[in-house]
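Structural overview
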Amino acid sequence: MIEVEGLTVRFAGVTPIDDMSVVFPGGTCGLIGPNGAGKTTFFNVLSGFVKPAAGSITAFGQNMLKLSDYKRARWGLRRTFQTEMAVEKLSVFDNVALIHEHSGAKRSTRNEDVLKAIEFVGLQAPPNAKVGGLGARERRLVEVARAVVGRPRVVLLDEPAAGLPDEETAHLSQVIQKIPGEVGALVILVDHDMSLVSACCATTAVVDFGKLVASGPTAEVLRDEHVMRAYLGTETPMDDGGQESEALL
Amino acid sequence: MSPRLHLDRALAVRALVIAALLLFVLAVVPDLVGADWITTFTSVAIYSLAALGFGLLYGRVGLISLGQIALLSIGCWIGTRLAYATAIPFPLLLLVVGGIVCLIGVIIGLPALRLSGLYLALITLMFAGATTVVLGATQFPNGGHGFLGYTTNSSLVGLKAVRRPEMATSDVAYYRYVVIVAAIMFLIALVHVAAKPGRAWASIRESEPAALAAGVNTVLYKLWAFGLSSFMTGVAGCLLAAQIGEPRAITFQTQDSLTLAATALIGGIFSLWGAIVAGLFNQLLPFVFQAQWGINPNFLLILFGAGLLQVLLTAPGGLVDQFPKDMANLGRLVWRGVRRLSPSKEEPAAAKETKEAKEAKEPT
């Protein structure tokens, strides 16, 4: 469980996160909101890249803000980035091994763990292929493999399906759904694709202008009147047409 | 696990090729060329190490350091001073000098934690300039006493040259010694690049936030890179001191750091082979120009400039990356020419082409 209490982030004159309090109970939790709502800033606070002006984040009893940035990976925090950041010059294997090496996991299980993670995400490319030569979908999967290796406790996925066609999003969705059960990590999923969020997340939190608008079971949250107003700026119910247009954002 | 096995085989082949090449350089080259060539090749090996240091920092971690020649000259100075002041065995001398220069390099690396790109390049270039000025003022030790070890007392000057290892006092033996030390340094670099530090460096080069999120202690690994690169350059400096015998401050100019960076980029900074090419460009070409052809080696600067432009625009991997590709293209071109000359093979291809051309035309 991750508890966020009164989190506030200020950049010169802008307050991307404004006194936000939210609980991520476990499993896969969605975090949605319009562009600029503060989702990625929240991930950056969790990663230690941004120091909040006030508030606290407690994950499984650990005060996250006390840990320095790179030590959070050793604690068990993983993340993917909006623009995928697998290392181009390294092979698929080395990309995943890199995370394992700095996760505090045992060196003796490294090769086995790395290959298992690559298999877990269903990556077909050979482990010794350079990431620079892979396509967008495969790179995404490499990033997810990096996020699940070495016994993570919390996995942050920042728009993992951005730019992927539907059938590849479907595969990614299956992989994400397996993470809590098979890897044992709490997943926070940020995405604009509502069908992906609905499929993966039991609970969802909605933020807008750095404030929590709603949170609870995903189906209920998505029907919430305030959410529709904040998220779409309209009163139209979130039908398939709504999803498609959002997915394009 | 088949990919691992495949990797192991590729690795074994590569190791064999390198071992054969090393054997050739050690055993055959001294018999093929004259004495002046041997001293040049010794310098090539030494400057390859300085280029290797540059390549490790820029090619692997993405940090531009233009202070390599300054570190080389500092290594040369310390090596000279310690050689006069102590009687420690030569291998130990190399380690001590490498260790001290490593420390200095880490201190220079400290600003690199905050600076990168152009700013780091400027700071390190300033350091190179400062080193030239200070060494010009203090001179190289020449057998005198005190911290600087420099004397103007002509009866003491040049009494003895910086000593070489006992087993390698002749030029040819010392050439072999330097090549072996350089090979060990390259091996250390290779082990680093292929293991945990190499992966951490690659992730820092790609994106520092992503490296931090991956749990990489970026401060530690950046300083590690500076330390390793400086250690190697320091060892090279000490080797140079013993090669020259009586080093002079005039040997090291600030602009040499720029030339080294240019040749390292031309050679290729993403491959360790690039450092050897850089060493050849840096030391062999001037020798060939001056001693063999009688051309002022300063013209090389123009050549390096043009080469650098070519590399930056069209071949970021440098010569070691581009040359095999060019050779493969040339091979294909020659092969095509050969096929065109033999009529029996040429016909079906031409027939197919015309048929395709017809088909392409028909719809319109």
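Residues numbered from 1 in each chain as written. Chains lettered and ligands numbered in written order. Predicted model: local features only at pLDDT ≥ 70, side-chain atom pairs only at ≥ 80, totals over all residues.

**Observations concerning the overall build of chain B**
The helix and strand inventory of chain B stands at 14 helices and zero strands. Mapped in sequence order, the helices and strands of chain B form the string α-α-α-α-α-α-α-α-α-α-α-α-α-α. Within the span of chain B, comprising 364 residues, buried residues form 41% of the whole. Here the analysis covers contacts within chain B between residues at least 6 apart in sequence; of these, 75% occur between residues at least 24 apart. (Helix = DSSP H or I, 4+ residues; strand = E, 2+ residues; numbered from the N terminus. Buried ≥ 20, exposed ≤ 12 C-beta atoms within 10 Å, placed from the backbone. Contact = placed C-beta atoms within 7 Å.)

**Things to note about the domain arrangement of chain A**
All names here are of chain A. Splitting chain A by domain gives domain 1 (1-23 + 30-76 + 156-249) and domain 2 (80-151). Using only C-alpha atoms to locate each centre, domain 1 and domain 2 end up separated by 23 Å. Taken together, the contacts link 18 residues of domain 1 with 15 residues of domain 2. Counting residues per element, the side of domain 1 that touches domain 2 draws most heavily on helix α6 (residues 166-183), at seven residues. Of the residues that constitute the side of domain 1 that touches domain 2, the class distribution is nine nonpolar, four polar and five charged. (Domains from an automatic or database assignment. Nonpolar A, V, L, I, M, F, W, Y, C, P; charged D, E, K, R; others polar.)

**Focus: the domain arrangement of chain B**
All names here are of chain B. Per the domain assignment, the segments making up chain B are domain 1 (18-147 + 160-301) and domain 2 (318-364). With centres defined by C-alpha atoms, the gap from domain 1 to domain 2 works out at 45 Å. Opposite the 10 residues of domain 1 that make contact, domain 2 presents four residues. Put simply, the parts of the chain that give the side of domain 1 that touches domain 2 at least two residues each are α10 (254-267) and α11 (273-292). Considered class by class, the residues forming the side of domain 1 that touches domain 2 number six nonpolar, four polar and no charged.

**Some remarks on the interface of chain B and chain A**
The partner chain A presents 23 residues to the 19 residues of chain B that form the contact. Of all the secondary structure elements, the ones that give two or more residues to the side of chain B that touches chain A are α1 (2-32), α7 (196-206) and α8 (208-213) of chain B. By residue number, the principal contributor to the side of chain B that touches chain A is α7(B), which donates six residues.

**Notes on the pairing of strand β3 (residues 28-32) of chain A**
Residues and elements named next belong to chain A. Burial of β3 is extensive: five of the five residues sit out of reach of the surface. With burial as the criterion, each face of β3 is covered, one bearing T28, G30 and I32 and the other bearing C29 and L31. Relative to strand β8 (residues 186-190), β3 is paired through four bridges, and the arrangement is parallel. Across the sheet, the residue bridging to T28 is V187, located in β8. The pairing of β3 with strand β9 (residues 203-208) spans four bridges and is parallel. (Pairing = 2+ DSSP bridges.)

**Some remarks on unusual backbone geometry**
All names here are of chain A. One non-glycine residue, F60, lies in positive phi territory at about 50°. Backbone geometry places F209, a non-glycine residue, at a positive phi of 50°. Tracing the backbone shows F209 in the loop between β9 and β10 (211-217).

**Focus on the nonpolar core**
Membership of the largest hydrophobic core comes to 169 residues, with the highest contact counts inside it found for A:V96, A:A145, A:V187, A:L189, B:L52, B:V178 and B:V235. Among the elements that line this core, the one with the most residues is helix α2 (residues 35-61) of chain B, at 14 residues. The residues touching B:V235, leaving out its near neighbours within four places in the chain, are B:L49, B:G75, B:L94, B:V97, B:G98, B:V181 and B:M185. (Core = buried A, V, L, I, M, F, W, Y, C linked by C-beta atoms within 7 Å.)

**Observations regarding the confidence of the model for chain B**
Residues and elements named next belong to chain B. Averaged over every residue, the pLDDT of chain B is 85; the share at 70 or more is 88%. In this model, residues 349-358 is a region of pLDDT below 50 whose contacts with residues beyond four sequence positions or in other chains number zero contacts. With pLDDT under 50 throughout, residues 360-364 is counted as low confidence; its partners more than four residues away or in other chains account for zero contacts. Among the prediction metrics, the complex's ipTM stands at 0.85, with pTM recorded as 0.85. (pLDDT = per-residue confidence, 0-100.)

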